[in-house]
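Descriptive structure summary
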Amino acid sequence: MSDQSYPAATLQQVESSLTGFFQDLGCQLKEYGPECVVVELLLLPRHLNNASNLHGGVTATLLDVAMGLCGTWVEQPEQRRVATTLSMNVNFSAPAPAGSRIRAVAVCRSAGHKVFMASCDLLDEKDQLLAFGEGVYKRGKLRSELP
C-alpha cells in the first residue's frame, strides 16, 4: 500500500465520481491518501446561514465527506468502496464568513474489514479550528457498481 496521496489526474477522477451534495457545494478534493483526506471549499454566500457565517449543514457535510473518504482509500481508485455513515458528531468552535477558504482534514482512527472510525478538523486559511467531528462508517459497494 502506498503512503502518498493520489496524483492530480487520479484525484480529479475520484473527485468526479463523488456525487450529490459534494458537487452541489462546489467542493474540491485536494488530497486523498491512506493517511489523510483533505476536502476544500471556498465559501460563497450560498454556504452561509442567516448570521452570514458558515452554515452548520455545510460544516457537517464537509466533515462527513472527508471522513467517509478516509476509510475507503485503495491503491486502485476503481476498486474504491463507498461508505455509509453509521453515526457522526459535530462540534462547532468558530464562525467563517464568505470568501474564506476552508478545508476538512480527516484521518482514519481505526478500521476493521467493514467498519471504520474517523476524525476530522475543519480549518480556515490561518489553521484556525472552525469545527471538528468524529464518525463511524460502513464500507459498502464498489463505487464502480453504482450509477
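Predicted model only: the values in this text are computed from it and were never measured. (Residues numbered from 1 in each chain as written. Predicted model: local features only at pLDDT ≥ 70, side-chain atom pairs only at ≥ 80, totals over all residues. Heavy atoms only, no water.)

1. Looking at the packing of aromatic side chains
Note the following rule: Here a pair means two rings of Phe, Tyr or Trp (six-membered ring of Trp) with centres within 6.5 Å. Their orientation is stacked below 30 degrees between planes, edge-to-face above 60, and tilted elsewhere. Labels follow the DSSP assignment, with helices taken as runs of H or I lasting at least four residues and strands as runs of E lasting at least two, numbered in each case from the N terminus. The buried label applies to any residue whose accessible area, calculated with a 1.4 Å probe on protein chains only, is under 20% of its type's maximum; exposed applies above 50%, and partly exposed to all values in between.
The tally for this structure, following the rule as stated, stands at 3 aromatic pairs. On the basis of an interplanar angle of 15° and a centroid distance of 5.4 Å, the ring pair of Phe116 and Tyr137 is categorised as stacked. Pair noted here: Phe116 is in strand E5 (residues 115-123) and Tyr137 is in strand E6 (residues 129-142), with a separation of 21 residues, a long-range link. For the pair formed by Phe116 and Tyr137, the shared burial category is buried. Of the aromatic side chains, those joined through ring pairs into one cluster are Tyr6, Tyr32 and Trp73.

2. As for the nonpolar core
Just so we agree on the cut-off: Here, nonpolar core refers to any group of buried Ala, Val, Leu, Ile, Met, Phe, Trp, Tyr and Cys residues whose side-chain atoms link them within 4.5 Å. By definition, residues are in contact when any of their heavy atoms lie within 4.5 Å.
In this structure, Leu29, Tyr32, Val37, Val39, Leu62, Ile102 and Leu122 are the most contacted members of the largest nonpolar core, which totals 34 residues. For this core, the secondary structure elements donating two or more residues are helix H1 (8-17), helix H2 (21-25), strand E1 (28-32), strand E2 (37-42), helix H3 (56-70), strand E4 (101-111), E5 and E6. Non-local contacts of Ile102, meaning those with residues more than four positions away in its chain, are made with Val39, Glu40, Leu41, Leu43, Leu54, Leu62, Ala96, Leu122, Leu123, Asp124 and Leu130.

3. Examining H1
Since there are 3.6 residues in each turn of an α-helix, residues three or four apart along the chain are aligned in direction. Let me state the cut-off plainly: Directions are taken from the helix axis to each C-beta atom, and the arc is the one they span.
Among all positions in H1, only Thr10, Leu11, Val14 and Ser17 are buried. One side of H1 holds all its buried residues, which, seen down the axis, span an arc of 125°. Turned more than 90 degrees away from the buried face of H1 sit Ala8, Ala9, Gln12 and Ser16, all of them exposed. Packed against the buried residues of H1 are E1.

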